[in-house]
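Per-entry structural report
Chain by chain, the residues run as shown.
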2 protein chains.
Amino acid sequence: MTDADTIIGNIRADGHRLTRIRVFMIRTLFEAQRPLAPSEILTRLAGFDIRADRTTVYRELRFLMEQNIVGHIKLGDHRNYYEILTEHHHHLVCKGCKNVKAVVLDNHLEDEERKIYKKEKFKVISHSLEFYGLCDSCLRKRA
Amino acid sequence: MTDADTIIGNIRADGHRLTRIRVFMIRTLFEAQRPLAPSEILTRLAGFDIRADRTTVYRELRFLMEQNIVGHIKLGDHRNYYEILTEHHHHLVCKGCKNVKAVVLDNHLEDEERKIYKKEKFKVISHSLEFYGLCDSCLRKRA
DNA sequence: AAATAAGATGCAACAATGTTGCAACAATAC
DNA sequence: GTATTGTTGCAACATTGTTGCATCTTATTT
């Protein structure tokens, strides 16, 4: 578990530039505590009085993915979401309030991935697992 | 495991209409043996000499999802994919040739879902799990 | 502190995916 | 065959994501 400043320092150490937008995008993704879509990032940057172009956000996300700082996931709608890569985790997506919460499983699927290699000769590199359902507060509202 | 004709019969029995496009979309999704994106469905329908509008395909997919005939999945790119709902399964997505193969796991994640309910009070209704990696033939090519 | 080089940015234009309203049409029931 | 209601195509639009290029910034060098 790292913090935003450490990551920002590493980017610098790796010889990459620290631009205003780059720094604030990293902080924004950190503070969000959940994956963000590009349009959400734009809105949040605007909240810091940082006007950035759509294009820049997309390009910066690609850069942050190449640096293995940010990862890409899907949450059931037609958008792409991005989040800071920390501990390996999955997501609970509430169908009611659309909230997203990270969850760490005991079972990391290594057994399944090993079986897949034996049976199918398919070498798993990564996986994505999202759970869809209802969070506690939405469950109560429906009861 | 059902076949296309059974599904088509059930739609009829449920009081829904059997239109040319509806019937061919079901057959197309069946024969594909893998999830299809809307634009791919359009192309395949054209192969049967069936000209359909984008709009119609989107609306028909929504209908088939409401009927629980078709399910929606993500495969790592920015498109939405649809497939006939049969046995519960997951997908192996090859990063090399982009091929997609269905796989049935021994572990159906019920244990994990039960633990999630206990720990997080989050009631899981469904999940989506995709594995990304390299298929046998792409592995050999890189070796 | 100014000059430089390379990377980052904004803008315009475009491409693809997906949605909505509405008029015309087709599948079924009668 | 006619009526009813679901289905379809079309036009227009909204959103997401990409590309080329001129301009500006960051960080280094002098």
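Here, every reference points to the structure presented above.
The sections below set out a description of the structure shown in this document.

In terms of burial, strand β5 (residues 123-134) of chain B is a largely internal element, 9 of the 12 residues being buried. Alignment of strand β5 (residues 123-134) of chain A against β5 of chain B, held across 11 bridges, turns out to be antiparallel. Bridge pairing links His 127 of chain A to Phe 131 of chain B in β5 of chain B. Looking at chain direction, strand β3 (residues 90-94) of chain B and β5 of chain B are connected through 4 bridges and run parallel. Pairing of His 91 of chain B across the sheet is with Glu 130 of chain B, part of β5 of chain B.

Ile 116 of chain A together with Ile 116 of chain B are the most contacted members of the largest nonpolar core, which totals 26 residues. Elements with a minimum of two residues in this core: β3 (90-94) and β5 of chain A together with β3 and β5 of chain B. The residues contacting Ile 116 of chain B, other than those within four sequence positions of it, are Leu 92, Val 103, Leu 105 and Phe 131 of chain A together with Lys 121, Phe 122 and Val 124 of chain B. Ranked by size, the runner-up nonpolar core spans 24 residues in total, among them Ile 11, Ile 26, Phe 30 and Leu 45 of chain B.

Residue and element names in this part refer to chain A. In terms of strand pairing, β3 meets strand β4 (residues 100-103) through 4 bridges, oriented antiparallel. Within β4, the residue paired with His 90 across the bridge is Val 103. Counting the residues in the hairpin turn of β3 and β4 gives 5 residues, including Lys 98, whose phi is positive at 65°.

Basis of the calculations
- Residues numbered from 1 in each chain as written.
- Chains lettered and ligands numbered in written order.
- Predicted model: local features only at pLDDT ≥ 70, side-chain atom pairs only at ≥ 80, totals over all residues.
- Heavy atoms only, no water.
- Buried < 20%, exposed > 50% of the residue type's maximum accessible area, 1.4 Å probe, protein only.
- Helix = DSSP H or I, 4+ residues; strand = E, 2+ residues; numbered from the N terminus.
- Pairing = 2+ DSSP bridges.
- Core = buried A, V, L, I, M, F, W, Y, C linked by side-chain atoms within 4.5 Å.
- Contact = heavy atoms within 4.5 Å.

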